[in-house]
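# Commentary on secondary and tertiary structure
One-letter residues, chain by chain:
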Amino acid sequence: MKRLTLSIVALVAATMFYGCCSERATNECECSKEQAVVETIMTRRSVRDYKAEPVSREQMAKVVECGIYAPSAMNMQPWAVRVVDAPDFIEGVTAIAVEQMPQLKEQEGFRNFFRNAPTVAFIACPEESYSGEYDCGLLSENMMVAAWSMGIGSCCLGSVVPVMNSEAAKPYLERLNLPEDYKLMVAIAFGYPSGDVPAAPARDVSKAYYIE
Ligand SMILES: Cc1cc2nc3c(=O)[nH]c(=O)nc-3n(C[C@H](O)[C@H](O)[C@H](O)COP(=O)(O)O)c2cc1C
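First things first, this report covers the structure right here in the doc.

Basis of the calculations
- Residues numbered from 1 in each chain as written.
- Predicted model: local features only at pLDDT ≥ 70, side-chain atom pairs only at ≥ 80, totals over all residues.
- Heavy atoms only, no water.
- Helix = DSSP H or I, 4+ residues; strand = E, 2+ residues; numbered from the N terminus.
- Expected span 1.5 Å × (residues − 1).
- Buried < 20%, exposed > 50% of the residue type's maximum accessible area, 1.4 Å probe, protein only.
- Contact = heavy atoms within 4.5 Å.
- Pairing = 2+ DSSP bridges.
- Near = heavy atom within 4 Å.
- Polar contact = N/O pair within 3.5 Å; in protein donor to acceptor, adjacent residues only side chain to side chain.
- Areas by Shrake-Rupley, 256 points an atom, 1.4 Å probe, with all protein chains shown as cover.
- Nonpolar A, V, L, I, M, F, W, Y, C, P; charged D, E, K, R; others polar.
- Salt bridge = Lys/Arg side-chain N within 4 Å of Asp/Glu carboxyl O.

### Structural notes on helix α4 (residues 87-100)
Between its terminal C-alpha atoms α4 stretches 20 Å, which fits the 20 Å expected from 14 residues at 1.5 Å a residue. Residues of α4 that are buried include every one of Phe89, Ile90, Gly92, Val93, Thr94, Ile96, Ala97 and Val98, and no others. Packing partners of the buried residues in α4 comprise β1 (80-84), β2 (119-126), α6 (160-164) and α7 (170-175).

### Structural notes on helix α5 (residues 132-149)
With 18 residues, α5 extends 26 Å between its outermost C-alpha atoms, agreeing within 8% with the 26 Å of an ideal straight helix rising 1.5 Å per residue. By the burial criterion, the buried members of α5 are Gly132, Asp135, Cys136, Leu139, Ser140, Met143, Met144, Val145, Ala146, Ala147 and Trp148. Against α2 (33-43), α3 (57-68), β1, β2, β3 (153-157) and β4 (182-191) lie the buried residues of α5. Looking one or two residues past α5, glycine 151 carries a phi angle of roughly 85°, positive in sign.

### Observations concerning the pairing of β3
Of all 5 residues in β3, 4 are buried, a share of seventy percent or more. Pairing geometry for β3 and β4, over 5 bridges, is antiparallel. Of the residues in β4, the one forming a bridge with cysteine 156 is isoleucine 188.

### Considerations on the site of the ligand
By nearness alone, every residue bordering the ligand is listed as Arg44, Arg45, Ser46, Arg48, Arg115, Cys155, Cys156, Leu157, Gly158, Ser159, Pro201 and Arg203. Arginine 44 places a side-chain nitrogen or oxygen 3.0 Å from an oxygen atom of the ligand. Contacts to the ligand include arginine 45, whose side-chain N or O atom sits 2.9 Å from an oxygen atom. For the ligand, whose unbound accessible area comes to 620 Å², protein coverage reaches 61%. Residues belonging to the shell around the ligand are distributed by class as follows: 4 nonpolar, 3 polar and 5 charged.

### Observations regarding the pattern of salt bridges
Counted by the stated rule, this structure contains 5 salt bridges. Residue lysine 62 is joined to glutamate 65 by a salt bridge in which the shortest nitrogen-to-oxygen separation is 3.2 Å. Here the residue lysine 62 and the residue glutamate 65 both occupy positions in helix α3, the gap between them amounting to 3 residues, near one helical turn. A salt bridge links lysine 183 to glutamate 133, with the nearest nitrogen and oxygen atoms 2.6 Å apart.

Have a look at this one:
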C-alpha cells in the first residue's frame with residue numbers, strides 16, 4: 001500500500017514537473033524557473049513543418065538576443081547572425097536547391113527548402129578561430145530553446161550550407177553580408193509549428209557518466 005502511494009505521488013510529481021507549461025504558446029506558465037527551463041529543454045524538438053506566417057520580428061529579436069547572451073570563449077562573440085523572412089530569398093534558394101536535388105519536391109507537403117519555415121537564421125563564424133564553431137553551437141541552442149519557450153519551433157539545417165555555398169546561390173550568400181573570412185555554419189528554421197510536434201528520437205544516456 002505504502003509503495004502504491006509513493007508511486008502515485010511520484011507519478012503526479014513527474015506529471016507536474018514535465019507538464020507544468022504544456023500550453024507554452026500562452027506564456028501562462030506557473031512553473032518554478034528551474035522547472036520551466038528543464039521542461040523547455042526536454043520538450044524542444046526539431047520541427048519540420050510550419051505555418052506560413054513568419055515569426056514576428058519582435059519575437060525574433062528576443063530569440064537573437066538570447067543567442068548572443070550565450071557564453072563564448074573570452075567573450076569573443078565570434079558569430080554573425082542574419083535573419084531572413086523575405087519570401088523572395090526563401091523561394092529563390094528553394095528553386096536552386098530543387099534544381100540541384102529534384103527529389104526534394106517529392107517530400108510530402110514540400111513548400112520550401114527550409115522545412116517549410118517562413119523565417120530562417122543563418123549562423124556564420126570565422127574560418128579560422130579559437131572556438132568559433134563551438135561558440136556558434138552554444139548561440140544556436142540558446143536561440144532554439146528561447147524560441148521554444150515562446151511557442152516557436154525550430155530546426156537546425158546543416159543541409160542548407162552546401163547549397164548556399166554553391167555558385168548558383170552566390171547572390172543569396174552575398175545578400176547575407178557576412179564579414180570577410182567568415183563561413184556559413186548552419187541555417188536554423190524558425191516558425192510556428194503546424195500540426196503535432198514529433199516525439200523525441202531516442203537518446204543514449206550511457207554516453208555520459210561519472211568517473212569515481
Ligand atoms: C548541426 C546540425 C545539423 C542538422 N541538420 C539537419 C538537416 O539538414 N535537416 C534536418 O531535417 N534536420 C537537421 N538537424 C536536426 C537533427 O536531425 C535533430 O536535432 C536530431 O535528429 C534530434 O532530434 P530533436 O532535435 O528533435 O531532438 C540538424 C541538427 C544539427 C545539430
